[in-house]
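Breakdown of the fold
Here is how the chains run, residue by residue.
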Amino acid sequence: MASLVENTILPPTVVRGGGYWSGVFRRLRRDPVAVGAGLVILAIVLVAILAPYIAPADPYRASSLRRLRPIGTPGFPLGTDELGRDMLSRLIYGARLSLFMGVTPVLIAFFTGSAIGILAGYVGGRLNTLAMRTIDVFYAFPSVLLAVALSGALGAGFGNALLSLTIVFIPPIARVAEAVTTQIRSRDFVEAARASGASGLTIIRVHILGNVLGPIFVYATSLISVSMILASGLSFLGLGVRPPEPEWGLMLNTLRTAIYVQPWIAALPGLVIFITSISFNLFSDGLRSAMDVKN
Amino acid sequence: MSAVPALVARDRGGPAQPLLRVRGLVKHFAIRKTVLGRADAVVRAVDGVDFEVVKGETLGVVGESGCGKSTTARLLMHLIAPDAGETLFDGEPVGSKDLGLRAYRRQVQMVFQDSYSSLNPRLTVESSVAFGPQVHGVPKAQARDRARSLLARVGLEPSRFAERYPHELSGGQRQRVNIARALALQPRLIILDEAVSALDKSVEAQVLNLLMDLKNEFGLTYIFISHDLNVVRFISDRVLVMYLGQVAEIGETEDLFERPLHPYTRALLSSMPSLDPDLRTEEAPLAGDPPNPINPPPGCRFHTRCVFAEPICAQREPVLVAGEPGHSASCLMVEPASGHSRAPVAGDAPIPA
């Protein structure tokens, strides 16, 4: 609506700058929920980067004298964990690993899944059927089960957890990429590009990518929260990050014994995971609707 | 325009050689497949189409929806592969060594019906027009210059429109962009697939006039596909009538409109709305829907709806025969000694189609 008003006010000879993405950004800025979620994500990222400067204490230093202090204890604003380590510092340092494990698999899966899906969708026919049926095999398993199974088969460890999460996310992203590409491919402008004699790769580069990467990216953003939760789950099961590394899922795991003694402290890592993942979800929702508006 | 001499230089066979000659074009679509992937039911979208396009003419193609007009256009553009048949462009078989697909596509371009869907929403109109020349190796800056001058030629002031996105233009403006894009490769033949059908009447008239001007200026040949008989009569030199994937009738526009040979053409023409109350007809000229192209009726495909149908029509398939010079129809009433009671007697020498 707003762009319409601008169109009529501007003198017609003015070449209006800014293309599609500036319009998306403008609409995104008007969405308070998306802006709020974006700010939360930004804050978490900053905290993760600046952890050594922000954290009040060493996240690894344990003390059997001050185990499970309640929230608000002087010197320990969020209390201490079952080994007497400062909860606040561990949560701050935990943002590093947890974010990394949330974002990296999705990012790698975004590139590989998009490549598979776009190619299959553009070529179509038998290759598409073959690729998509293979993908469907992975789809048949619940993602949690698949992640645990892969991680277990590959062996416990940080790298293997990342790898198994990446494998879990490639099929859904490839699926979405294929669906969007198939839809764009049937539009007349792709036919017109073929009629001009352009090669398949040129058409994908100029005409397909710009139209499909946006929706795929939005979908991938919504997977970050899933990835964080799955990564936490793997750590919780002892398949991901090993103690004493601070990672939110792992912290949730080790603190579970304290749930009757200090329920609030035991719930803190879960709360942080919840806030982060819901922020990613809300932000990707906002991004989706900001990209949807065309007229 | 400097483009015109270049076009003349590309002319190979001279004016007598048809620009495009289509022989036995067939395209069937498998719509249901068995588990093993074999076709179970087949839509005979285009089923043996022959015609020629003379250099410099506008050939109108008319027919009901679903008769195979658009499929024919896509086949001619080689966007879909034909099951059978050959296309000769200025005497050269398309896809041969002398005329590869890429070279052919440089000379034949297409304008689609849906002006919005045929432009990339993420590209400025200038980029869309410049894309084709860039694909064929024209440097970017030069391609953009060409795009701007073509936009100006189709009536879109480049300083106002070049940087715009398709959703910022009206339907008529978008269709002008599509025409500019088709012209950007300096083609000799342009296929206009319902190119003005989605526009409102006043805009349609402007775009039609633009098309006629461009044709003269660049020495173009048009294949003009439409369901609007008035528009086809206005713009075409010759008209081809399609029915269920086959050519029903082809001839000079005036001959065909004044003396239609095929009963289907007659029915089509009487369905044209008239402003003269005396010429208005109350009853529907054609009863029922066209038969299912999955199982077209045997013999003449039109016999199920034809008022002159006789038993022979269900048995014998008519071929395209000339009823008068340059005017042919595929109807047993035109074919001599076909067995139809209205057919010309065998003694009359048939004029070869």
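1. What about the overall build of chain A?
Looking only at helices and strands, chain A has 12 helices and 0 strands in total. When the elements of chain A are put in sequence order from the N terminus, they spell out α-α-α-α-α-α-α-α-α-α-α-α. The proportion of buried residues among the 295 residues of chain A is 43%. Intrachain contacts of chain A at a sequence separation of at least 6 include 70% that bridge at least 24 residues.

2. Brief notes about the overall build of chain B
Along the backbone of chain B there are 11 helices and 12 strands. For chain B, restricting intrachain contacts to residue pairs at least 6 apart in sequence, the fraction spanning at least 24 positions comes to 64%.

3. Re the nonpolar core
Counting residues in each nonpolar core, the largest one holds 164 residues, and the members touching the most others are I173(A), L151(B), I191(B) and I223(B). For this core, the leading source of residues is helix α10 (residues 200-236) of chain A, giving 17 residues.

4. Concerning the pairing of strand β7 (residues 189-193) of chain B
Residue and element names in this part refer to chain B. Burial runs high along β7: 5 of the 5 residues are buried. Neither face of β7 is exposed, since L189, I191 and D193 on one face and I190 and L192 on the opposite face are all buried. As paired elements, strand β6 (residues 108-111) and β7 share 4 bridges and run parallel to each other. Bridged to V111 within β7 is L192. Traced from β7 through helix α8 (residues 201-218) to strand β8 (residues 221-225), the parallel crossover comes out right-handed.

5. Considerations on the interface of chain B and chain A
Chain B puts 25 residues into the contact, and the matching count from chain A is 22 residues. Within the residue set of the side of chain B that touches chain A, elements represented by two or more residues are α3 (101-107), β6, α4 (125-135) and α6 (158-161) of chain B. Residues belonging to the side of chain B that touches chain A are distributed by class as follows: 9 nonpolar, 8 polar and 8 charged.

6. With respect to the environment of L282(A)
Residue and element names in this part refer to chain A. Looking at the element boundaries, L282 is found in helix α12 (residues 263-292). Separated by 205 residues in sequence, L282 and P77 have C-alpha atoms that sit 29 Å apart. Other than its neighbours up to four places away in sequence, L282 contacts V33, A34 and A37.

7. Quick notes on helix α11 (residues 248-255) of chain A
The buried fraction of α11(A) amounts to 7 of the 8 residues, a majority that puts the element mostly inside the structure. Of the positions making up α11(A), those classed as buried are W248(A), G249(A), L250(A), M251(A), L252(A), N253(A) and L255(A).

8. Thoughts on unusual backbone geometry
Put simply, P243(A) and P244(A) share a cis peptide bond, and its omega is 10°. As for its position among the elements, P244(A) is in the loop between α10 and α11. Of note in this structure, Q186(B) is not a glycine but carries a positive phi near 50°. Residue classification places Q186(B) among the buried positions, given that 22 C-beta atoms sit within 10 Å.

9. Examining the sheet that holds strand β3 (residues 58-62) of chain B
Residue and element names in this part refer to chain B. If you trace the 8 strands from one edge of the open sheet to the other, you get β6-β7-β8-β3-β9-β10-β12-β11, paired in mixed fashion. At either end of the open sheet lies a strand with only one pairing partner, and these are β6 and β11 (321-324). Sheet twist, expressed as the mean angle between neighbouring strand axes with direction ignored, is 20°. In this sheet, strand β9 (residues 238-243) lies alongside β3 in parallel orientation, the contact comprising 4 bridges. Bridged to V61 within β9 is L240.

10. Observations concerning the confidence of the model for chain B
Detailed reading of the predicted model is not advised wherever pLDDT is low. Residues and elements named next belong to chain B. In the predicted model, chain B carries a mean pLDDT of 86, and 89% of its residues have values of at least 70. For the stretch residues 1-8, pLDDT sits under 50, and the model shows 12 contacts to residues farther than four places along the chain or on other chains. Among the scores for the predicted complex, ipTM is 0.82 and pTM is 0.80.

11. Some details on the packing of helix α5 (residues 87-123) of chain A against helix α6 (residues 125-139) of chain A
All names here are of chain A. Across the interface, α5 lies against α6 with an axial gap of 7 Å and an inter-helix angle of 145°. Our pair here, α5 against α6, has a crossing hand that is left-handed. Contacts between α5 and α6 pair I116, A120, G121 and V123 from the former with G125, L127, N128, A131 and M132 from the latter.

12. Section: the packing of α5(A) against helix α8 (residues 158-185) of chain A
All names here are of chain A. It is at 6 Å that the axes of α5 and α8 come closest, and there the two elements cross at 35°. Along this stretch, α5 crosses α8, giving a crossing that reads as right-handed. Its residues assigned to classes, the contact of α5 with α8 shows 19 nonpolar, 9 polar and 3 charged.

13. Comments concerning the pairing of β9(B)
Residues and elements named next belong to chain B. The buried fraction of β9 amounts to 6 of the 6 residues, a majority that puts the element mostly inside the structure. Burial along β9 is two-sided: R238, L240 and M242 facing one way and V239, V241 and Y243 facing the other are all buried. Pairing analysis gives 6 bridges linking β9 to strand β10 (residues 246-252), with the strands arranged antiparallel. When the sheet's bridge partners are listed, Y243 is paired in β10 with Q246. The antiparallel hairpin formed by β9 and β10 contains 2 residues in its connecting segment, where L244 sits at a positive phi of about 50°.

14. Notes on the confidence of the model for chain A
Residues and elements named next belong to chain A. A residue-level look at chain A finds 92% of positions with pLDDT of 70 or above and a mean pLDDT of 84. Per-element confidence in chain A ranges from a low mean pLDDT of 43 for helix α1 (residues 2-9) to a high of 93 for helix α3 (residues 32-49). Note that residues 1-17 has pLDDT below 50 and, in this model, 6 contacts with residues that lie over four places away or in other chains.

15. Details of the environment of G60(B)
Residues and elements named next belong to chain B. Here G60 lies in strand β3. With 46 residues separating them in the primary sequence, G60 and R106 have C-alpha atoms 22 Å apart. G60 has contacts with F224, S226, V232, I235, S236, V239, L240 and T253, leaving out every residue within four places of it along the chain.

Conventions and cut-offs
Residues numbered from 1 in each chain as written. Chains lettered and ligands numbered in written order. Predicted model: local features only at pLDDT ≥ 70, side-chain atom pairs only at ≥ 80, totals over all residues. Helix = DSSP H or I, 4+ residues; strand = E, 2+ residues; numbered from the N terminus. Buried ≥ 20, exposed ≤ 12 C-beta atoms within 10 Å, placed from the backbone. Contact = placed C-beta atoms within 7 Å. Core = buried A, V, L, I, M, F, W, Y, C linked by C-beta atoms within 7 Å. Pairing = 2+ DSSP bridges. Right-handed = clockwise from strand over helix to strand, strands pointing away. Nonpolar A, V, L, I, M, F, W, Y, C, P; charged D, E, K, R; others polar. Axes fitted to C-alpha atoms, helices over the stretch in contact; angles between N-to-C directions. pLDDT = per-residue confidence, 0-100. Left-handed = near helix turned anticlockwise from the far one by under 90°.

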